[in-house]
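Fold and geometry: a report
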Amino acid sequence: MAANFWTSSHFKQLLDAMEVDVVHSLDKEKGLTPEEFRLVKIHMTNYIWKLAHHVKVRQRVIATAVAYFRRVYARKSMTEYDPRLVAPTCLYLAAKAEESTIQARLLVFFIKKIYVDEKYRFEIKDILEMEMKLLEALDYYLVVFHPYRPLIQLLQDAGMADLTHISWSLVNDSYRMDLILVHPPYMIALACINIASVLKEKNATAWFEELRVDMNAVKNISIEILDFYDTYRTHSDDRVNLVLSKLKA
């Protein structure tokens, strides 16, 4: 993996905010709305987390899998690439990329354990075939940098290690949005620290000024995270399943 974010393929593949959350034309033809598109991505992000906890992989593997999932749908349609298969396959691929290999048969076992719905059930060959499609969809760029490491470093620098738990949770939730596709990881980390400091009534203004970062950008990311909590705090599986059935109609 590249040691420097600024020379990595991740940096070179950062997208403009207008390029993500765009419904593919094939999905539009099936009646998929931007809100439904976001709901499916949130639901499948949760699915990846749930499956990952069953197979017991590191946090980094989960985050990389979610990043792959969201990269794929910045390029491909859900009509062609079934999210119910793409999600576990992203986890399978991320585990390889992060050197924490998961056996495909173990994934298949837990998928069947988690979901009784036949539409979520796949075999080993389905995951292996989708893996090849995902590699092509990702242009074989598998490097992902995450906000976790800069978060810890920044909190130590700020002398605010007591904000680690809440900031870390905010970073986790940032993967329910497309932030990792748009912003450098350290900016996401700073936004999470910004929110945490406000919630815990810590005045971090002077520290942020010393960093000489674009505070407008930090605040905009913070607002996006907070808006997510207001808008998508809850969503029903039934509604997501209705959306997925629309794609297969």
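Criteria and cut-off values
Residues numbered from 1 in each chain as written. Predicted model: local features only at pLDDT ≥ 70, side-chain atom pairs only at ≥ 80, totals over all residues. Heavy atoms only, no water. UniProt positions renumbered as here; feature names shortened; annotations may be inferred. Core = buried A, V, L, I, M, F, W, Y, C linked by side-chain atoms within 4.5 Å. Buried < 20%, exposed > 50% of the residue type's maximum accessible area, 1.4 Å probe, protein only. Helix = DSSP H or I, 4+ residues; strand = E, 2+ residues; numbered from the N terminus. Polar contact = N/O pair within 3.5 Å; in protein donor to acceptor, adjacent residues only side chain to side chain. Contact = heavy atoms within 4.5 Å. 1 Å grid on protein atoms, 1.4 Å probe; cavity = no way out; pocket = protein on both sides within 12 Å on 5 of 7 lines; lining within 4 Å. Points joined across faces, edges and corners; volume = space filled by probe spheres on them. Axes fitted to C-alpha atoms, helices over the stretch in contact; angles between N-to-C directions. Parallel < 35°, antiparallel > 145°, perpendicular 65-115°, else oblique. Left-handed = near helix turned anticlockwise from the far one by under 90°. Nonpolar A, V, L, I, M, F, W, Y, C, P; charged D, E, K, R; others polar. Salt bridge = Lys/Arg side-chain N within 4 Å of Asp/Glu carboxyl O.

As annotated in an unreviewed UniProt entry, the protein chain carries the name Cyclin-C1-1 and comes from Acorus calamus. Turning to the protein chain, the UniProt annotation filed under Sequence similarities (unreviewed entry) states: "Belongs to the cyclin family. Cyclin C subfamily."

With that settled, consider the nonpolar core. Membership of the largest hydrophobic core comes to 87 residues, with the highest contact counts inside it found for Leu91 and Ile225. If one sorts the elements of this core by residue count, helix α3 (residues 34-55) sits on top with 11 residues.

This part covers the side chain of Thr89. Secondary-structure assignment places Thr89 in helix α5 (residues 83-97). Side-chain polar atoms of Thr89 contact the backbone oxygen of Leu85, separated by 2.7 Å. In this view, Thr89 contacts Ile127, Met130, Glu131 and Leu134; residues no more than four positions away in its chain are not counted.

What follows concerns the layout of surface pockets. In this structure, the second largest pocket occupies an estimated 290 Å³ of space. Lining the second largest pocket are 18 residues, and of these Asp21, Arg38, Met177, Asp178 and Glu224 sit closest to its centre. Mapped onto the lining of the second largest pocket, the elements with two or more residues apiece are α3, α10 (179-182) and α13 (215-232). Ranked by the residues each element gives to the lining of the second largest pocket, the list is headed by α13, at 5 residues.

Following both chains from N to C, one finds helix α9 (residues 164-174) and helix α11 (residues 185-199) inclined at 130°, their axes separated by 9 Å at the closest point. As summarised for this structure, α9 and α11 are arranged oblique, according to the angle between their axes. At the point where α9 passes α11, the crossing takes the right-handed sense. Contacts between α9 and α11 involve Ile166, Ser167, Leu170, Val171 and Ser174 on the former and, on the latter, Ile188, Cys192, Ile193, Ile195, Ala196 and Leu199. Looking at the contact of α9 with α11 residue by residue, the class counts come to 9 nonpolar, 2 polar and no charged.

Okay, the environment of Ile42 next. Mapped onto the elements of the fold, Ile42 is located in helix α3. When its relative accessible area of 4% is taken as the criterion, Ile42 is described as buried. The spacing of Ile42 and His165 is 123 residues in sequence and 22 Å in space, taken between C-alpha atoms.

Here we take up the pattern of salt bridges. This model, assessed by the stated rule, comprises 14 salt bridges. The residue Glu123 makes a salt bridge to Lys112 at a minimum N-O spacing of 3.0 Å. In this pair, Glu123 is assigned in the loop between α6 (104-114) and α7 (124-137) and Lys112 in helix α6, connecting sequence segments 11 residues apart. Lys112 sits in the partly exposed class, given a relative accessible area of 29%.

A word on unusual backbone geometry. Phi at Asp21 takes a positive value of approximately 65°, unusual for a residue other than glycine. You can call Asp21 partly exposed: its relative accessible area is 25%. With a phi close to 60°, Lys56 is a non-glycine residue in the positive phi region. Counting through the fold element by element, Lys56 comes out in the loop between α3 and α4 (59-72). Lys56 sits in the exposed class, given a relative accessible area of 70%.

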